[in-house]
Amino acid sequence: RITLHNVRYCRYRTETDYDVRHEDRTYDLRRLRSVDLFLVYWGSPWIGHTMVSFGFDDGQYLCVSIETRMERGEAYSALRGFFRQFELTYVIADERDVVRLRTNFRQGEEVHLYRLVGRPDKARQFLLDYLRHANALSDAPEWYNAATSNCTTNIRVHSEAAAEREHPFDWRILFNGRIDELLAQHHAFASPLPAAALKQAGHINARARAAGDAADFSRRIREGIPGIAP
């Protein structure tokens with residue numbers, strides 16, 4: 001079992017009007033069954049934001065979003081993101097927070113969901129490597145870097161810790177809006193459909209808006225996703 005302190009679960013009314021909540025939650029690693037990827041777009045098809053969610057057979061999902069740690073009054077700049085201007089943070093949260101914020105409250109963000117392949121023991125190694133790094137940041141902060149230490153490059157680092165073999169670096173890790181094509185090429189998705197079909201089928205904004213803040217939000221956004229059994 002693992003106990004995570006301060007799992008974020010904000011209650012949103014709008015993107016900027018919300019109640020901040022953090023909860024301590026306990027997870028049984030023996031019940032970890034799945035790993036899902038969220039790919040978020042807000043404009044260019046070449047650049048996106050990636051998040052990973054770990055699913056347990058009791059219905060719980062633990063979502064991790066690797067982001068810049070914004071200080072009060074600070075605004076993100078893509079250019080400054082290359083020059084050690086922002087610290088790195090791991091937002092560990094309920095999906096009704098980090099996913100729903102993007103599907104239901106932020107304007108112009110489109111979210112796609114994919115089920116990844118992998119054995120439960122590898123999923124466990126993947127999650128534990130995430131948590132080791134998150135804990136390490138409290139003792140030794142690190143810089144976010146838009147090219148070398150971001151939401152996608154760090155996922156690659158953690159996935160390699162649980163991988164059977166190392167995959168060579170690919171340009172689509174930097175232009176991560178195309179990361180779904182790379183993963184489909186390496187047969188990393190649970191469905192054999194091509195990347196374009198998976199992207200269309202995995203578009204979850206409408207499902208998320210219909211689900212709202214329902215207790216079964218995570219189940220409802222996965223209905224009909226290729227590779228995810230009913």
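Our subject is the structure listed above.
Residues numbered from 1 in each chain as written. Predicted model: local features only at pLDDT ≥ 70, side-chain atom pairs only at ≥ 80, totals over all residues. Heavy atoms only, no water.

**A few points about the overall build of the protein**
If you tally the helices and strands in the protein, you get 7 helices and 9 strands. Computed over C-alpha atoms, the radius of gyration of the protein comes to 17 Å, within 12% of the 17 Å expected from 2.2 N^0.38 for 230 residues, which places it in the range of a compact globule. Dimensions of the protein, computed from C-alpha atoms along their principal axes, come out at roughly 45 × 40 × 40 Å. In the protein, which comprises 230 residues, the share counted as buried stands at 47%. Sequence separation of at least 24 residues holds for 65% of the intrachain contacts in the protein that already meet a minimum separation of 6. On the protein, roughly 11,900 Å² of surface is accessible, and the fraction owed to carbon and sulfur atoms is 51%. The averaged location of the 31 negative side-chain charges in the protein is 3 Å from the averaged location of its 32 positive side-chain charges. (Helix = DSSP H or I, 4+ residues; strand = E, 2+ residues; numbered from the N terminus. Rg over C-alpha atoms; globule rule 2.2 N^0.38 Å. Buried < 20%, exposed > 50% of the residue type's maximum accessible area, 1.4 Å probe, protein only. Contact = heavy atoms within 4.5 Å. Areas by Shrake-Rupley, 256 points an atom, 1.4 Å probe, with all protein chains shown as cover. Lys, Arg positive; Asp, Glu negative; His and termini not counted. Charge placed at Lys NZ, Arg CZ, Asp CG, Glu CD.)

**Some details on the pattern of salt bridges**
Throughout the structure, instances matching the rule amount to 27 salt bridges. A salt bridge links aspartate 19 to arginine 13; the nearest nitrogen and oxygen atoms lie 2.9 Å apart. Classification of arginine 13 by relative accessible area gives partly exposed; the value is 43%. The salt bridge involving aspartate 180 is made with lysine 199; its shortest N-O contact spans 3.3 Å. Residue aspartate 180 is found in helix H4 (residues 179-185), and its partner lysine 199 is found in helix H5 (residues 195-201); the two are separated by 19 residues along the sequence. Through salt bridges with shared partners, one network takes in Arg21, Glu23, Arg25, Asp94 and Arg96. (Salt bridge = Lys/Arg side-chain N within 4 Å of Asp/Glu carboxyl O.)

**Some thoughts on helix H1 (residues 95-105)**
Since there are 3.6 residues in each turn of an α-helix, residues three or four apart along the chain are aligned in direction. H1 sits mainly inside the fold: 10 of its 11 residues count as buried. Taken residue by residue, H1 has Glu95, Arg96, Asp97, Val98, Val99, Arg100, Leu101, Arg102, Thr103 and Phe105 as its buried positions. Two to three positions downstream of the cap, the backbone nitrogen of arginine 96 sits 2.7 Å from a side-chain oxygen, assigning the N-cap of H1 to aspartate 94. (Polar contact = N/O pair within 3.5 Å; in protein donor to acceptor, adjacent residues only side chain to side chain.)

**Some points on a nonpolar patch on the surface**
Residues Trp42, Trp46, Ile47, Phe169, Trp171, Leu174 and Phe175 make up a contiguous nonpolar surface patch of about 730 Å² in total accessible area. In this fold, phenylalanine 169 is placed in the loop between helix H3 (153-162) and H4. Residue phenylalanine 169 is classed as partly exposed on the basis of its relative accessible area, which comes to 49%. (Patch = residues over 30% accessible without salt bridge, like charges linked within 9 Å, V, L, I, M, F, W, Y side chains within 5 Å.)

**A few points about the packing of aromatic side chains**
All told, the structure shown has 9 aromatic pairs when counted by the stated rule. With 5.5 Å between their ring centres and 70 degrees between their planes, phenylalanine 54 and phenylalanine 126 make a pair best called edge-to-face. Pair noted here: phenylalanine 54 is in strand E6 (residues 49-56) and phenylalanine 126 is in helix H2 (residues 120-139), with a separation of 72 residues, a long-range link. A single burial state applies to phenylalanine 54 and to phenylalanine 126, both of which are buried. Through a chain of ring-to-ring contacts, three or more aromatic side chains come together here, namely Phe54, Tyr90, Phe126 and Tyr130. Stacked on the ring of tryptophan 46, the Lys or Arg arginine 178 has its end atom at 4.6 Å from the ring centre. Above the plane of the ring of tyrosine 61 lies arginine 222, whose end atom (NZ or CZ) is 3.7 Å from the centre. (Phe/Tyr/Trp six-rings, centres within 6.5 Å; stacked < 30°, edge-to-face > 60°. Lys NZ or Arg CZ within 6 Å of the ring centre and 35° of its normal.)

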